[in-house]
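Here is what each chain is made of, one letter per residue.
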Number of protein chains: 2
Amino acid sequence: MLPRTTALAAALLLSACATAQTAPAADTPAFRSAGQIIAAAPEADWRNVDADNLLLMDVPGGRVMIELAPAFAPRHVENIRALARARWWDGLAIYRSQDNFVVQFGDPVADQADAKPLPTEVASRLPAEFERDGDGLRFDVLPDMDGWAGQVGFVDGFPAAREPGTGATWMAHCYGTLGAGRGNEADSSVGAELYVVTGQSPRQLDRNITVVGRVLKGMEYLSTVPRGPEPMGMHADPARHVPIHAIALASSLPASERPRLQVLRTDSQSFVDATEARRNRRDGWYLRPAGHIDLCNVPLPVREAP
Amino acid sequence: MLPRTTALAAALLLSACATAQTAPAADTPAFRSAGQIIAAAPEADWRNVDADNLLLMDVPGGRVMIELAPAFAPRHVENIRALARARWWDGLAIYRSQDNFVVQFGDPVADQADAKPLPTEVASRLPAEFERDGDGLRFDVLPDMDGWAGQVGFVDGFPAAREPGTGATWMAHCYGTLGAGRGNEADSSVGAELYVVTGQSPRQLDRNITVVGRVLKGMEYLSTVPRGPEPMGMHADPARHVPIHAIALASSLPASERPRLQVLRTDSQSFVDATEARRNRRDGWYLRPAGHIDLCNVPLPVREAP
């Protein structure tokens with residue numbers, strides 16, 4: 001994956017394609033790469049993303065697509081939907097970009113006198129939604145050890161962790177995780193000021209803040225935002241803010257304009273197989289399979305609906 | 001750390017400062033933040049970075065400072081020093097930026113007919129330097145569990161891992177790790193095409209490729225490079241390459257122009273205490289200390305020599 005040059009990269013990729021084209025019959029247990037497994041996944045292994053959970057964020061670079069997780073943060077998601085329906089974020093900004101940590105966006109002057117008022121249909125105070133019980137929740141266990149939690153895995157495609165003893169379950173902070181910024185009080189977030197993880201998984205945040213979803217597409221428009229010069233990556237200078245053209249719910253758009261995304265089901269055999277192909281790579285370039293994969297290293301495939 | 005707004009961020013930071021100013025006497029075991037511990041570290045806890053190991057990479061955004069690790073990759077470091085002394089990289093480019101993975105730089109056409117020749121003093125073939133034995137190596141153990149290796153910790157400030165049974169030791173792929181790109185053959189790297197990790201720690205690369213150092217300062221100039229549209233984040237269009245103005249060894253500069261950097265010794269009590277303060281934060285914002293820290297989440301403090 002890290003060839004010396006562009007030309008070599010092309011060669012490697014072509015070689016991977018050639019392998020796919022000359023794949024042996026099913027009775028030969030040849031190594032299949034994660035990409036090959038995912039490309040061959042049956043339709044039933046894909047889940048449609050609900051348009052009511054799909055948040056579309058348009059910034060100068062392009063469109064960021066986010067899936068909300070009402071199963072974990074129902075009250076916050078309710079507020080976020082109301083804010084999106086009111087197009088409250090339109091014209092606001094990304095005002096923080098801290099290297100190897102997060103970008104944060106919303107109203108740069110939210111706590112000042114000239115803050116943008118929240119729409120009346122938005123709750124001005126919410127309970128913390130740091131974790132939930134495991135009742136009725138399918139948890140697709142990742143068999144790999146984790147230092148931060150008793151067990152890790154996936155809930156409907158979201159990286160998650162739980163305490164097997166109590167069943168307490170929460171969404172994990174991985175690259176692309178979306179959370180609701182708060183002050184010192186646990187219940188001081190309303191879902192208007194949001195952050196996205198752009199660095200090494202800050203799992204120390206788990207169960208300390210409300211996670212509301214994850215980015216499905218367009219991370220590159222957030223991860224490349226120039227880092228802020230002020231403490232915590234803040235951009236004090238409004239000229240350095242990245243404007244938010246619009247944040248809207250896909251369900252608010254005419255059907256013809258709605259992106260139709262699908263995520264690979266984390267309870268599918270294709271997902272289990274693709275994860276194993278990443279855990280123990282035998283694609284020619286890797287000389288020593290790792291024998292392990294970290295929760296936040298597991299790719300979560302997303303595609304446009306065919 | 002994730003307050004709702006800029007104003008609140010300022011308030012939090014001020015409050016942290018106030019705590020520092022009113023710190024209780026030494027006989028009171030009050031919580032000290034990692035920042036407070038590092039600020040109070042004695043001079044002896046800091047190590048000067050050897051100018052012969054300090055690589056200075058000037059790109060349009062600013063200067064990236066890299067520490068080379070001859071203890072792990074002596075032959076590659078020898079080549080890299082020779083390339084830097086010849087100013088071989090000057091005018092070449094960052095030609096790859098793959099989201100949540102790496103940037104890669106060197107000669108964009110290295111394997112083509114018009115490749116830039118390597119200086120004669122540079123070895124054209126090197127052995128793989130994926131790992132080494134533990135002889136004579138001080139390994140500062142991190143007591144936290146790790147899924148990828150039997151033991152993790154630090155060697156002279158570099159994140160590392162080892163097999164306690166055999167003593168085999170290697171540098172770990174964390175954010176900011178610098179490695180030497182290779183083709184399919186283990187010994188196909190010469191240190192001319194280099195990559196830096198800009199995403200979630202790709203520990204699956206450990207012991208599959210030669211790690212040569214880590215970025216001490218200026219990661220933000222690499223991590224924000226626009227992602228390449230081609231497979232693996234390649235920028236096929238030369239117009240989208242990020243030019244390298246210069247890569248030089250600090251030891252090649254006049255003494256007055258050499259940056260004088262120091263890293264906190266990973267065998268110091270200050271480092272152990274700062275890591276514990278991150279493992280179990282009690283700074284007012286965190287409501288639930290994690291009780292764990294991952295190797296690649298441990299900050300490795302760097303400063304200008306006082």
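Residues numbered from 1 in each chain as written. Chains lettered and ligands numbered in written order. Predicted model: local features only at pLDDT ≥ 70, side-chain atom pairs only at ≥ 80, totals over all residues. Heavy atoms only, no water.

Novice: Could you give an account of the packing of aromatic side chains, naming the residues involved and the relevant values?
Specialist: The final tally for this structure, using the stated rule, is six aromatic pairs over all chains. Arranged with centres 6.0 Å apart and planes meeting at 75°, the rings of Trp88 of chain A and Trp89 of chain A form a pair that is edge-to-face. Overall, the relative accessible area of 4% leaves Trp88 of chain A in the buried class. Both rings, one in Trp285 of chain B and one in Tyr286 of chain B, keep their centres 4.9 Å apart while their planes meet at 75°; by these two values the pair is edge-to-face. Given a relative accessible area of 2%, Trp285 of chain B falls into the buried group. Residue placement shows Arg182 of chain B over the ring face of Trp285 of chain A; its charged tip is 3.7 Å from the ring centre. One Lys or Arg, Arg207 of chain B, reaches over the ring of Trp170 of chain B and ends 3.8 Å from the middle of that ring. (Phe/Tyr/Trp six-rings, centres within 6.5 Å; stacked < 30°, edge-to-face > 60°. Buried < 20%, exposed > 50% of the residue type's maximum accessible area, 1.4 Å probe, protein only. Lys NZ or Arg CZ within 6 Å of the ring centre and 35° of its normal.)

Novice: Account for the relation of the copies chain A and chain B, naming residues and giving values.
Specialist: Note that the two copies of the chain are related through a rotation about an axis and a translation along the same axis. By a simple turn and slide, chain A fits onto chain B: the slide is 0.0 Å along the axis, the RMSD is 0.0 Å, and the turn is 180°. Taken together, the rotation and translation relating the two chain copies correspond to the operation of a two-fold axis. Within chain A, the C-alpha atom positioned nearest to the axis of rotation is that of Thr224 of chain A, 2.0 Å from it. Both copies share a contact surface, since 99% of the interface residues of chain A are interface residues in chain B too. (Least-squares fit on C-alpha atoms with pLDDT ≥ 70 in both. Contact = heavy atoms within 4.5 Å.)

Novice: So, the pattern of salt bridges: which residues are in play, and what are the values?
Specialist: All names here are of chain B. Applying the stated criterion across every chain yields a total of 38 salt bridges over all chains. For Arg47, the salt bridge goes to Glu67, with nearest N and O atoms at 2.9 Å. With Arg47 in strand 1 (residues 46-48) and Glu67 in strand 3 (residues 62-68), the pair connects residues that are 20 residues apart, well separated along the chain. Of the two residues examined, Arg47 and Glu67, each falls in the buried class. Of the charged contacts in the structure, one is a salt bridge between Arg203 and Asp146, with a shortest N-O distance of 3.0 Å. (Salt bridge = Lys/Arg side-chain N within 4 Å of Asp/Glu carboxyl O. Helix = DSSP H or I, 4+ residues; strand = E, 2+ residues; numbered from the N terminus.)

Novice: Would you mind going over the interface of chain A and chain B in detail, with residue names and values included?
Specialist: Chain A puts 72 residues into the contact, and the matching count from chain B is 71 residues. When chain A packs against chain B, the two sides together hide about 6,300 Å² of surface, and 57% of this comes from carbon and sulfur. At the junction of chain A with chain B, the criterion picks out two salt bridges. Between Glu131 of chain A and Arg288 of chain B there is a salt bridge, with its nearest N and O atoms 3.7 Å apart. Taken together, chain A and chain B are joined by 20 residue pairs in polar contact (both at pLDDT 80 or more). If you list the elements that add at least two residues to the side of chain A that touches chain B, you get helix 1 (6-21), strand 4 (93-97), strand 5 (102-106) and helix 4 (219-223) of chain A. If you tally residues by element for the side of chain A that touches chain B, the top one is helix 1 of chain A, at six residues. By residue class, the composition of the side of chain A that touches chain B is 37 nonpolar, 20 polar and 15 charged. (Buried area = accessible area lost by both parts, 1.4 Å probe. Polar contact = N/O pair within 3.5 Å; in protein donor to acceptor, adjacent residues only side chain to side chain. Nonpolar A, V, L, I, M, F, W, Y, C, P; charged D, E, K, R; others polar.)

Novice: Account for the sheet that holds strand 2 (residues 54-59) of chain B, naming residues and giving values.
Specialist: All names here are of chain B. Ordered by their spatial adjacency, nine strands build an open sheet running 13-4-5-11-10-12-3-2-14, and the pairing between neighbours is antiparallel. Unpaired on one side and paired on the other, strand 13 (242-243) and strand 14 (246-249) mark the two borders of the sheet. Helix 3 (residues 74-85) rests against strand 2, strand 3, strand 10 (177-180), strand 11 (194-197), strand 12 (210-217) and strand 14 of the sheet, and its axis sits at about 120° to strand 14. (Pairing = 2+ DSSP bridges. Axes fitted to C-alpha atoms, helices over the stretch in contact; angles between N-to-C directions.)

Novice: Just give me the short version of empty space enclosed by the protein, but keep the residues and values in it.
Specialist: Using a probe with the size of a water molecule, rolled over the atoms, empty space left in the structure can be pinpointed. As enumerated under the stated definition, the model contains seven cavities of 30 Å³ or more in all. The calculated volume of the largest cavity comes to roughly 80 Å³. Lining the largest cavity are Met145, Asp146, Gly147, Trp148, His292 and Asp294 of chain A together with Met145, Asp146, Gly147, Trp148, His292 and Asp294 of chain B. A class-by-class count of the residues in the lining of the largest cavity yields four nonpolar, four polar and four charged. Of the volumes computed, that of the second largest cavity is approximately 60 Å³. For the second largest cavity, the full set of lining residues is Trp148, Gln200, Ser201, Arg203, Asp294 and Asn297 of chain A together with Trp148, Gln200, Ser201, Arg203, Asp294 and Asn297 of chain B. (1 Å grid on protein atoms, 1.4 Å probe; cavity = no way out; pocket = protein on both sides within 12 Å on 5 of 7 lines; lining within 4 Å. Points joined across faces, edges and corners; volume = space filled by probe spheres on them.)

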